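Now for the letters of each chain:
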Amino acid sequence: MDGRRRSDSFRGPYELTEETPVYVISVAAQLSGLHPQTLRQYDRLGLVSPDRTAGRGRRYSARDIELLRTVQQLSQDEGINLAGIKRIIELENQVAALQSRVAELQDALEGAAAAMQQREAAVHASYRRDLVPYQEVQQTSALVVWRPKKAKD
């Protein structure tokens, strides 16, 4: 897991996003404040896995740079080891995926509820109210006792 969510929508060839891999390892190291060998180690461990060029060169995105900074902050400031950081990243990715799925399901549920209300309204509109008998029920406090008829011998 490398902390990325790829957009499935098509982007133009020159449109840059935070996930566009544009930085070579030396620039990424400079932007993140880490040594290039540290970036290679993080890649080997699966903490931050940049995209690769056809020649297998690493290309980092702005999101990768931010993730590198986060890994460094967790390691240096919080004292978390790299295995723990990897697990944290995996769990954060899982939470993000689940939140996305919940949002999708909520949208689907809202759509289904709206469709059901439309169908229900169509059914109610189709009632022929002129054929429905109406009798007013009178409220009474009388007690009615039922007794079976006796059989005649």
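Nothing here was measured: the structure is a model prediction, and the numbers come from that model. (Residues numbered from 1 in each chain as written. Predicted model: local features only at pLDDT ≥ 70, side-chain atom pairs only at ≥ 80, totals over all residues. Heavy atoms only, no water.)

Chemist: Quick question: what am I supposed to make of the overall build of the chain here?
Modeler: A count of helical and extended segments in the chain gives four helices and two strands. Listed N to C, the secondary structure of the chain is α-α-β-β-α-α in terms of helices and strands. Here the analysis covers contacts within the chain between residues at least 6 apart in sequence; of these, 59% occur between residues at least 24 apart. Of the roughly 12,300 Å² of accessible surface on the chain, a fraction of 53% belongs to carbon and sulfur atoms. (Helix = DSSP H or I, 4+ residues; strand = E, 2+ residues; numbered from the N terminus. Contact = heavy atoms within 4.5 Å. Areas by Shrake-Rupley, 256 points an atom, 1.4 Å probe, with all protein chains shown as cover.)

Chemist: Explain unusual backbone geometry to me, please; I cannot follow it from the model alone.
Modeler: A negative phi angle characterises most non-glycine residues, just as the trans form characterises most peptide bonds. Positive phi is not limited to glycine here, since Arg56 has a value of about 75°. Considering the arrangement of structural elements, one finds Arg56 in the loop between strand E1 (51-52) and strand E2 (58-59). Taking the relative accessible area as the measure of exposure, Arg56 reaches 55% and is therefore exposed. (Buried < 20%, exposed > 50% of the residue type's maximum accessible area, 1.4 Å probe, protein only.)

Chemist: What should I look at first to understand the pattern of salt bridges in this one?
Modeler: In a structure, side chains of opposite charge can pair up when their charged atoms sit close to one another. This model, assessed by the stated rule, comprises seven salt bridges. The partner of Arg63 in a salt bridge is Glu18, and the shortest N-O contact between them spans 2.1 Å. Of this pair, Arg63 sits in helix H3 (residues 62-76) while Glu18 sits in the segment before helix H1 (25-32); the two residues are 45 residues apart in sequence, bridging distant segments of the chain. A relative accessible area of 45% places Glu18 in the partly exposed class. A salt bridge links Asp43 to Arg52, with the shortest nitrogen-to-oxygen separation between them at 2.8 Å. Judged by relative accessible area, Arg52 falls into the partly exposed class, the value being 34%. Counted as one network, the salt bridges with shared partners bring together Glu18, Glu19 and Arg63. (Salt bridge = Lys/Arg side-chain N within 4 Å of Asp/Glu carboxyl O.)

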